[in-house]
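# Summary of the model geometry
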Amino acid sequence: MECYNQPIVLNGTFYFASDFHLGSPNEIESKARELLLIKWLDEIKKDASYLFLLGDIFDFWFEYHDVVPKGYYKFLTKLAELREAGIQIWWFTGNHDMWLKDYLHNELNINIIRKETFFMLNGKHCLIGHGDGLGDGDFGYKLIKAIFAFRFNQWLYGWFHPRIAFAIARFFSRKSRTMTGAGEEVYAGNDKELITQHAYNILQHNNIEYFIYGHRHLPLEVKLTDKATYFNCGDWIMHYTYLKMDINGNIKLFTNPCYSKHISQSPLEEE
Ligand SMILES: [Mn+2]
């Protein structure tokens, strides 16, 4: 069991969100989601000190030596605006955007984090990550993740023509969606949820107050013990949720107010 004894210490107002899956399932729906995100980023810009993006921000991303994917221009320029306003951005790679390399770090000075990490936020012990491949079991998934994370394989993939590379990625993305289903996710119970299990394992040897993840596409606030809580950001496909931690270290789950508008009317039509 790993020991988490050297936290990254940060203080201020924190926002956490994950699983935007920009690019999915098609350009029209993704663009509508992107506009909602931009409105939300404008809102949080007023008081955020830190924005934590907990993975699967892009449905697929691949950086070539000299070229990056088309799209997401408005989203990325909004992130640039937040950076210029002095807001720090920490981006945890998810299983869909694990091939993010140094582009966003070089362009926008965004911190790219590839594994769950121990933080002290406003005096609270927090373990933060995307949340994929945690807990016992799920060996098939862990094997695929290991293959994709292997640098040589990334290098090989980079030699495919982008039309082929992105077609393969879209194929697998669709497959993973039909496997997980496009319907509402349901919490399977403390004994079955991999992240919850993982959190309980960590708690045996470590004092963590907040476990903060994405990946599950289900907004959650699960009380683990008297002192420890597991929060999940949810997603921006079904739930449009995010977490906010105030300067006293209190975390709350919010639903974006655009949500109800979004389901009755596409923001694209509104423009
Ligand atoms: Mn996801």
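For the structure, see preceding data.
Residues numbered from 1 in each chain as written. Predicted model: local features only at pLDDT ≥ 70, side-chain atom pairs only at ≥ 80, totals over all residues. Heavy atoms only, no water.

### What to know about the sheet that holds strand 8 (residues 210–213)
By way of backbone hydrogen bonds, the strands of a sheet pair with one another, either parallel or antiparallel. Under the convention used in this document: When DSSP locates at least two bridges between a pair of strands, those strands are taken to pair. Helix and strand assignments follow DSSP, with helices taken as H or I runs no shorter than four residues and strands as E runs no shorter than two, numbered in order from the N terminus. To obtain an axis, a line is fitted to C-alpha atoms, over the contacting stretch when the element is a helix, and the angle between two such axes runs from 0 to 180 degrees between their N-to-C directions. Two residues qualify as a contact provided that any one of their heavy atoms is within 4.5 Å of a heavy atom in the partner residue.
Strand order in the open sheet formed by 6 strands is 1-6-7-8-10-9, and the pairing between neighbours is mixed. Every interior strand has two partners, whereas the edge strands, strand 1 (8–10) and strand 9 (219–223), have only one. Averaged over all adjacent pairs, the angle separating strand axes in this sheet is 20°, with direction ignored. Relative to strand 7 (residues 124–128), strand 6 (residues 117–121) runs antiparallel, the two being bridged by 5 bridges. The partner of Thr117 across the bridge, within strand 7, is Ile128. Against the sheet, helix 7 (residues 194–203) touches strand 7, strand 8, strand 9 and strand 10 (229–233), its axis set at about 150° to strand 8.

### Observations regarding the packing of aromatic side chains
Convention followed: Aromatic pairing here means that ring centres of Phe, Tyr or Trp (its six-membered ring) are within 6.5 Å. Orientation follows from the plane angle: under 30 degrees is stacked, over 60 is edge-to-face, and everything else is tilted.
Applying the stated rule across the entire model yields 35 aromatic pairs. On the basis of an interplanar angle of 25° and a centroid distance of 6.3 Å, the ring pair of Trp61 and Tyr103 is categorised as stacked. Taken together, the residues span a long stretch of sequence, with Trp61 in the loop between strand 3 (50–53) and helix 2 (73–84) and Tyr103 in helix 3 (residues 103–108) at a distance of 42 residues. For the pair Tyr242 and Phe254, a centre-to-centre distance of 5.5 Å together with 15° between the ring planes defines the contact as stacked.

### Side note on the pairing of strand 12 (residues 251–255)
Where strand 11 (residues 241–245) meets strand 12, 5 bridges bridge the pair, whose relative direction is antiparallel. Bridge pairing links Thr241 to Thr255 in strand 12. Remark: 5 residues form the turn of the hairpin made by strand 11 and strand 12, two consecutive strands paired antiparallel; Gly249 in that turn has positive phi of roughly 90°.

### Examining the packing of helix 1 (residues 27–44) against helix 2
Note the cut-off: If an angle is under 35 degrees, it is roughly parallel; if it is over 145, roughly antiparallel; if it lies from 65 to 115, roughly perpendicular; otherwise it is oblique. Here the nonpolar group is Ala, Val, Leu, Ile, Met, Phe, Trp, Tyr, Cys and Pro; Asp, Glu, Lys and Arg are the charged ones; every other residue, Gly included, is treated as polar.
One can describe the packing of helix 1 onto helix 2 by two numbers: an axis separation of 9 Å at closest approach and a directional angle of 10°. The angle between helix 1 and helix 2 falls in the class roughly parallel. Only Tyr73, Lys74, Phe75, Lys78, Leu79, Glu81 and Leu82 of helix 2 make contact with helix 1, whose side of the interface consists of Glu34, Leu35, Leu37, Ile38, Leu41, Asp42 and Ile44. Class assignment for the residues of the contact of helix 1 with helix 2 results in 9 nonpolar, no polar and 5 charged.

### Focus: the environment of Leu127
To keep it simple, the criterion reads: Think of it in three bands: with a 1.4 Å probe and only protein chains considered, a residue is buried below 20% of the maximum accessible area for its type, exposed above 50%, and partly exposed in between.
If you trace the backbone, Leu127 turns up in strand 7. A residue is classified by how much of its surface remains accessible, and Leu127, at 0% relative accessible area, is buried. In the structure, Leu127 is positioned 82 residues away from Glu209 in sequence and 8.2 Å away in space, judged by C-alpha atoms.

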